[in-house]
Amino acid sequence: MRLVKSICTNLVFPASRKDIGAFRDMAAYLKEKGIGCIEFYHDGNGRAETGKVLHDLGLDGVYIGVIPSKEGAQFLCNIDPDARRAAVAVHKSCLDEMRDNGFTQFMICSGKLGPDVDKQLQALEASVEELYTYAEGKNLPVRILLEPCDSNMDARHLLGPYPRCVKFVETMRARGYPLELTMDTAHVAEEGENFLDAMRATRPYCNHVHFANCLISDPANPLYGDKHLGFEYPDTVWSPTALADVFAGLDALYPGDADLRIALEVLCREDDPYAYFDSMWASLPFLSERI
C-alpha cells in the first residue's frame, strides 16, 4: 500500500473552521506529524486564503461539502425540484470556493433516505451530473468523492448500503462521470455490514477511507450512533486493536504501489485539541509510524 495520511480537521481542531490563523497553525502542525492531506470545510475569516496555506505547506486538500449539506438539510437526492435545486446551489458555491483556492477534491453525500428510493436515486443522478457539468464549465478538474452514511440508524441516508453505492457509482460511470467512493468504518458498522467486505466490493471505485468510531450496542446511551467518538471510548466498535486488524486487511487489498488515503475522523471533546491529537495519534502506531 502506498499510504497517504489524512485528518478530518473540523472535528479535531474546531477553531480551524472559523479562523485562518488557527487553520494555518493546525495545518503546519499536521505537516510536521507526517500528514499529507487535510479534509475540511471553512466558513470563517480568511476562507479565501486556505488554498495558499495548503500550497505553501505542500498539503493536499479535500473540501467537505457534506458539512453545509447536512447542517442546512440541503440534500442532493431530494425529489422536490425546488429543494434539490437549492441543494445543488449550495454545492456549486463550494465548487466556486474550490476553484478560487486551487482545490480539486470535493466530498459529498447523498442526503436523507425517503420512501421512494428509485426517485431519490434519479434525483441524485441528476444532481451529480449537474455538479460535474458546472465544474467543467468553470475549468475545475474536480474529483467528486461520495461518502456513504448509514441508512437505518442515525444519519438515515439514501447511500447507504454498499451494494446500492456500488450500483450508483457504476450507473454514473456508465454515463461518463468518474464518481468515487469514500468508505467510513463507523458508517459501515452502523449499516450492519462488515468493513473489509464493503471494501472488497467498492475497491474498483475507492482509494479513500475514513477511520471513525461509533457506539451501536446500546440505543439508550447518549453516545449512541454517529457521534465521532475517539478510539479510546469503551464499548465502541473500533478500538485501536480492531483498526489495526482492518489496516492489515487494507494493506493486503491495496498491495504494492496501490494508493490508499486513510483519514482519521474523530471529534475532540477535550480542552486542548493538540494534546488530544497527540494521544490519539500515538495510540495508532500501525498508522502513525507507517512510512
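Refer to the structure printed above.
Fair warning: this is a prediction, and the values are worked out from it, not measured in the lab. (Residues numbered from 1 in each chain as written. Predicted model: local features only at pLDDT ≥ 70, side-chain atom pairs only at ≥ 80, totals over all residues. Heavy atoms only, no water.)

1. Let's talk about helix 7 (residues 162-174)
Each turn of an α-helix holds 3.6 residues, which means side chains three or four residues apart point in the same direction.
So, point 1. The first and last C-alpha atoms of helix 7 sit 18 Å apart over 13 residues, in line with the 18 Å expected at 1.5 Å per residue.
So, point 2. The set of residues buried in helix 7 consists of Tyr162, Cys165, Val166, Phe168, Val169 and Met172. Each buried residue of helix 7 lies within a common arc of 165 degrees when the element is viewed along its axis, so the set occupies one face. Exposed side of helix 7, more than 90 degrees from the buried face: Pro163, Lys167 and Ala174 are the residues found there.
So, point 3. As for helix 7, its buried residues are in contact with helix 6 (117-137), strand 5 (143-146), strand 6 (180-184) and helix 9 (195-202).
So, point 4. Just downstream of helix 7 lies glycine 176, where phi reads positive at about 95 degrees. (Helix = DSSP H or I, 4+ residues; strand = E, 2+ residues; numbered from the N terminus. Expected span 1.5 Å × (residues − 1). Buried < 20%, exposed > 50% of the residue type's maximum accessible area, 1.4 Å probe, protein only. Arc of directions from axis to C-beta. Contact = heavy atoms within 4.5 Å.)

2. Comments concerning the packing of aromatic side chains
So, point 1. As enumerated under the stated definition, the model contains 14 aromatic pairs in all.
So, point 2. Seen in terms of ring centroids, phenylalanine 277 and tryptophan 281 are 5.5 Å apart; in terms of plane orientation they differ by 25 degrees. Their pairing is stacked. One end of the pair is phenylalanine 277 and the other is tryptophan 281, both in helix 11 (residues 273-282) and four residues apart, which spans about a single turn.
So, point 3. Taking the relative accessible area as the measure of exposure, phenylalanine 277 reaches 0% and is therefore buried.
So, point 4. Ring pairs connect the aromatic residues Phe13, Tyr29, Tyr274, Phe277 and Trp281, which therefore count as one cluster.
So, point 5. The positively charged end of arginine 203 is found above the aromatic ring belonging to tyrosine 254, 3.9 Å away from the centroid. (Phe/Tyr/Trp six-rings, centres within 6.5 Å; stacked < 30°, edge-to-face > 60°. Lys NZ or Arg CZ within 6 Å of the ring centre and 35° of its normal.)

3. Here we look at the pattern of salt bridges
So, point 1. Inspection of every chain in the model, using the stated rule, returns 18 salt bridges.
So, point 2. Where arginine 17 meets aspartate 43, a salt bridge forms, and the shortest distance between an N and an O atom there is 2.8 Å. Residue arginine 17 is found in the loop between helix 1 (9-12) and helix 2 (20-32), and its partner aspartate 43 is found in the loop between strand 2 (37-40) and helix 3 (50-57); the two are separated by 26 residues along the sequence.
So, point 3. The exposure class of arginine 17 is buried, given its relative accessible area of 14%.
So, point 4. Classification of aspartate 43 as partly exposed rests on a relative accessible area of 24%.
So, point 5. The partner of lysine 18 in a salt bridge is aspartate 43, and the shortest N-O contact between them spans 3.0 Å. With lysine 18 in the loop between helix 1 and helix 2 and aspartate 43 in the loop between strand 2 and helix 3, the pair connects residues that are 25 residues apart, well separated along the chain.
So, point 6. On the basis of relative accessibility, which here comes to 44%, the residue lysine 18 falls in the partly exposed class. (Salt bridge = Lys/Arg side-chain N within 4 Å of Asp/Glu carboxyl O.)

4. Some thoughts on the sheet that holds strand 4 (residues 105-108)
So, point 1. In spatial order, the strands read 1-2-3-4-5-6-7-10; together these eight strands close into a barrel with parallel pairing. Sheet twist, expressed as the mean angle between neighbouring strand axes with direction ignored, is 25 degrees.
So, point 2. With six bridges connecting them, strand 1 (residues 2-8) and strand 10 (residues 259-264) associate as parallel partners. Along strand 10, the bridge assignment pairs isoleucine 7 with leucine 264. (Pairing = 2+ DSSP bridges. Axes fitted to C-alpha atoms, helices over the stretch in contact; angles between N-to-C directions.)

5. Quick notes on the packing of helix 5 (residues 81-101) against helix 6
So, point 1. Look at helix 5 against helix 6: their axes get within 10 Å of each other, and the N-to-C directions meet at 30 degrees. The angle between helix 5 and helix 6 falls in the class roughly parallel. For the pair helix 5 and helix 6, the sense of crossing is right-handed. Contacts between helix 5 and helix 6 involve Arg84, Val88, His91, Lys92, Leu95 and Asp96 from the former and Ala123, Ala126, Ser127, Glu130, Leu131, Tyr134 and Ala135 from the latter.
So, point 2. Class assignment of the residues belonging to the contact of helix 5 with helix 6 gives a composition of seven nonpolar, two polar and four charged. (Parallel < 35°, antiparallel > 145°, perpendicular 65-115°, else oblique. Left-handed = near helix turned anticlockwise from the far one by under 90°. Nonpolar A, V, L, I, M, F, W, Y, C, P; charged D, E, K, R; others polar.)

6. Regarding the side chain of aspartate 226
So, point 1. With respect to the helices, strands and loops of the structure, aspartate 226 is situated in strand 9 (residues 225-229).
So, point 2. At 3.1 Å, the side chain of aspartate 226 and the side chain of histidine 187 are in polar contact.
So, point 3. Leaving out residues up to four positions away in the same chain, aspartate 226 has contacts with Asp154, Ala186, His187 and Glu190. (Polar contact = N/O pair within 3.5 Å; in protein donor to acceptor, adjacent residues only side chain to side chain.)

7. Thoughts on the state of the cysteines
So, point 1. Throughout the structure, instances matching the rule amount to zero disulfides.
So, point 2. Of all cysteine sulfurs in the structure, the one in cysteine 149 sits closest to cysteine 109, which takes part in no disulfide; the separation is 5.1 Å.
So, point 3. The cysteine cysteine 206 is free of any disulfide, with cysteine 165 supplying the nearest cysteine sulfur at 10 Å.
So, point 4. For cysteine 206, a relative accessible area of 2% puts it in the buried group. (Disulfide = S-S within 2.5 Å.)

8. Some thoughts on helix 11
So, point 1. Every buried residue belonging to helix 11 is among Tyr276, Phe277, Met280 and Trp281, and all of these are buried. Along helix 11, the residues classed as buried sweep out an arc of 130 degrees about the axis, all on the same side. Facing away from the buried side of helix 11, by more than 90 degrees, are the exposed residues Ser279 and Ala282.
So, point 2. In the core, the buried residues of helix 11 are packed alongside strand 1, helix 1, helix 2, strand 10 and helix 12 (285-288).
So, point 3. A side-chain oxygen of the first residue of helix 11 lies 3.0 Å from the backbone nitrogen of tyrosine 274; this N-cap is aspartate 272.

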